[in-house]
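The residues making up each chain are set out below.
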Amino acid sequence: MKSKEVVVDSEMEGMRLDRYLRKNFKDEPLSRIFGAIRAGDVKVNGKKSKENYRLALNDTIVIKNLFSENFDNKKSFEKNNLKKIQIQKSDLEKYKKMIIFENEDFFIVNKSEKIPMHKGTGHKYGLAEVFKEIFKNENINFANRLDFETSGLVIGCKNLKFLRYISQKIRDNEIQKKYFAIVHNIKNNIESKIFKIENYLTTTENKVIVSENPISKDSKKSITNFKKILISELKNTKKILDLLEKNNKNVFLLDVDLVTGRKHQIRAQLAHQKIPIVGDKKYGIQDGSNKFFLCCYFLSFDNYKFSILNKVFL
């Protein structure tokens, strides 16, 4: 039986390893699944893992000696599923316009806010499904993810070889990503123009917990650099202030440089410091904003650099 290789995408992120296997290998008894984990027939990033390990974005899972009819016929299975999804022509055209760069291996998308990365609760399709249809390519995968509300740059991979390559770069922190965030200055407790937040994040089923020290073996050290700048320094300042509506007072803009890339890292860390992002309904305050002011405006790796400074939040 051939081994199977899976790269964790945003739909799988945060799921326990045993739950993922139970969901995808329903033909196997639980004893066989747990036995495969213990025996090392299931490895994550080349290492044996415990059944309660929570999958991280871009983890590589190699699975041997487990069988699933759907899994072992994955291409046919995905193709049939894709046919059932009716993607509106207007959406296909809208998503095509989000592409800012493309070559034979990858493409860069400037994702608009309130667009999911994958189909899921309340969404018939997301970026992954739409671009599989646009490129007529079942191997389309996105190497990084943005939350539903977050806008900005994501890397689309056209083949599994490049996905593995870029995923390793992400794990090795060799991809630079910068964000702009507009935050509420609730307690005026950030005096320095440049500051760093360094703490631990622990992912649960529903959200991310911030702590100064590890609270479990799943806690991960998380580091982010911030620089306060004036909103007036951005292009289209008036438009952005108009978008803020009643939240355009007592706020400031942060230039965010991720050192590590954890789930909800920026959102959770800023909320923990009492400077939540405007429009963050999960970690922030009830500010009535219909827009979420977090945008990935810069991305670079190897000799590539991509920026959407003139389109931030717009």
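Residues numbered from 1 in each chain as written. Predicted model: local features only at pLDDT ≥ 70, side-chain atom pairs only at ≥ 80, totals over all residues. Heavy atoms only, no water.

## What to know about the overall build of the chain
Turning to step 1, where the next piece is worked out: Assigned secondary structure in the chain consists of nine helices and 15 strands.
Turning to step 2, where the next piece is worked out: Taken over the C-alpha atoms alone, the chain extends approximately 60 × 50 × 40 Å along its principal axes.
Turning to step 3, where the next piece is worked out: The buried share of the chain, taken over its 314 residues, is 49%.
Turning to step 4, where the next piece is worked out: Here the contacts in the chain between residues at least 6 apart in sequence split such that 67% fall between residues at least 24 apart. (Helix = DSSP H or I, 4+ residues; strand = E, 2+ residues; numbered from the N terminus. Buried < 20%, exposed > 50% of the residue type's maximum accessible area, 1.4 Å probe, protein only. Contact = heavy atoms within 4.5 Å.)

## As for the packing of aromatic side chains
Turning to step 1, where the next piece is worked out: This model, assessed by the stated rule, comprises 19 aromatic pairs.
Turning to step 2, where the next piece is worked out: When the ring of Phe101 is compared with that of Phe106, the centres are 5.4 Å apart and the planes differ by 35°; the resulting orientation is tilted.
Turning to step 3, where the next piece is worked out: For Phe106, a relative accessible area of 1% translates into the label buried.
Turning to step 4, where the next piece is worked out: Aromatic ring contacts, followed pair by pair, group Phe101, Phe106, Phe162, Tyr165, Phe301, Tyr304 and Phe306 into a single cluster.
Turning to step 5, where the next piece is worked out: Just above the ring of Phe298 sits the side chain of Lys178; from NZ or CZ to the centre is 5.8 Å.
Turning to step 6, where the next piece is worked out: The positively charged end of Lys228 is found above the aromatic ring belonging to Phe252, 4.8 Å away from the centroid. (Phe/Tyr/Trp six-rings, centres within 6.5 Å; stacked < 30°, edge-to-face > 60°. Lys NZ or Arg CZ within 6 Å of the ring centre and 35° of its normal.)

## Some remarks on helix 1 (residues 17–24)
Turning to step 1, where the next piece is worked out: Within the span of helix 1, buried status applies to Leu17, Asp18, Tyr20 and Leu21. Across the axial projection of helix 1, the buried residues extend over an arc of 160°, all falling on one side. (Arc of directions from axis to C-beta.)

## Examining helix 9 (residues 265–272)
Turning to step 1, where the next piece is worked out: Burial of helix 9 is extensive: seven of the eight residues sit out of reach of the surface.
Turning to step 2, where the next piece is worked out: For helix 9, the elements touching its buried residues are strand 9 (176–184), strand 10 (194–203), strand 11 (208–211), strand 12 (220–229), strand 13 (251–258) and strand 14 (294–301).

## Let's talk about the confidence of the model for the chain
Turning to step 1, where the next piece is worked out: Looking at the chain as a whole, the pLDDT averages 89, with 94% of positions reaching at least 70.
Turning to step 2, where the next piece is worked out: Note that residues 76–82 has pLDDT below 50 and, in this model, nine contacts with residues that lie over four places away or in other chains. (pLDDT = per-residue confidence, 0-100.)

## Focus: the sheet that holds strand 1 (residues 4–7)
Turning to step 1, where the next piece is worked out: Judged by pairing direction, the sheet is antiparallel, and its four strands sit side by side in the order 1-4-2-3 without closing on themselves. Each having just a single partner strand, strand 1 and strand 3 (47–48) make up the two edges of the open sheet.
Turning to step 2, where the next piece is worked out: By the bridge criterion, two bridges tie strand 2 (residues 42–44) to strand 3 in an arrangement that is antiparallel. Across the sheet, Lys43 pairs through a bridge with Lys48, a residue of strand 3. (Pairing = 2+ DSSP bridges.)

## Brief notes about the nonpolar core
Turning to step 1, where the next piece is worked out: Formed by 68 residues in total, the largest nonpolar core has its most connected members in Phe142, Ile155, Ile182 and Leu270.
Turning to step 2, where the next piece is worked out: Among the elements that take part in this core, strand 14 stands out by supplying seven residues, more than any other.
Turning to step 3, where the next piece is worked out: Taken domain by domain, the makeup of this core includes at least three residues from each of domain 2 (89–168) and domain 3 (176–307).
Turning to step 4, where the next piece is worked out: With near-sequence residues (within four places) excluded, Ile182 lies in contact with Ile231, Ile240, Leu244, Val251, Phe252, Leu253, Pro276, Ile277, Val278, Phe293 and Phe313.
Turning to step 5, where the next piece is worked out: Core analysis: the next-biggest nonpolar cluster, separate from the first, contains 17 residues, Val6, Met12, Leu21 and Val44 among them. (Core = buried A, V, L, I, M, F, W, Y, C linked by side-chain atoms within 4.5 Å. Domains from an automatic or database assignment.)

## Points about the packing of helix 5 (residues 89–96) against helix 6 (residues 127–135)
Turning to step 1, where the next piece is worked out: At their nearest, the axes of helix 5 and helix 6 sit 10 Å apart, and the two run at 95° to each other. Here helix 5 is positioned roughly perpendicular relative to helix 6, judged by the angle of their axes. Across the interface between the two elements, Leu92, Tyr95 and Lys96 from helix 5 touch Leu127, Val130, Phe131, Glu133 and Ile134 from helix 6.
Turning to step 2, where the next piece is worked out: When the residues that make up the contact of helix 5 with helix 6 are grouped by side-chain class, the tally is six nonpolar, no polar and two charged. (Axes fitted to C-alpha atoms, helices over the stretch in contact; angles between N-to-C directions. Parallel < 35°, antiparallel > 145°, perpendicular 65-115°, else oblique. Nonpolar A, V, L, I, M, F, W, Y, C, P; charged D, E, K, R; others polar.)

## So, the layout of surface pockets
Turning to step 1, where the next piece is worked out: Within this model, the second largest pocket holds a volume of roughly 950 Å³.
Turning to step 2, where the next piece is worked out: Forming the boundary of the second largest pocket are 40 residues, of which Glu13, Leu57, Gly261, Arg262 and Lys263 lie nearest the centre.
Turning to step 3, where the next piece is worked out: Elements represented by at least two residues in the lining of the second largest pocket include exactly helix 7 (160–171), strand 9, strand 10 and helix 9.
Turning to step 4, where the next piece is worked out: For the lining of the second largest pocket, the per-class residue count stands at 14 nonpolar, 13 polar and 13 charged. (1 Å grid on protein atoms, 1.4 Å probe; cavity = no way out; pocket = protein on both sides within 12 Å on 5 of 7 lines; lining within 4 Å. Points joined across faces, edges and corners; volume = space filled by probe spheres on them.)

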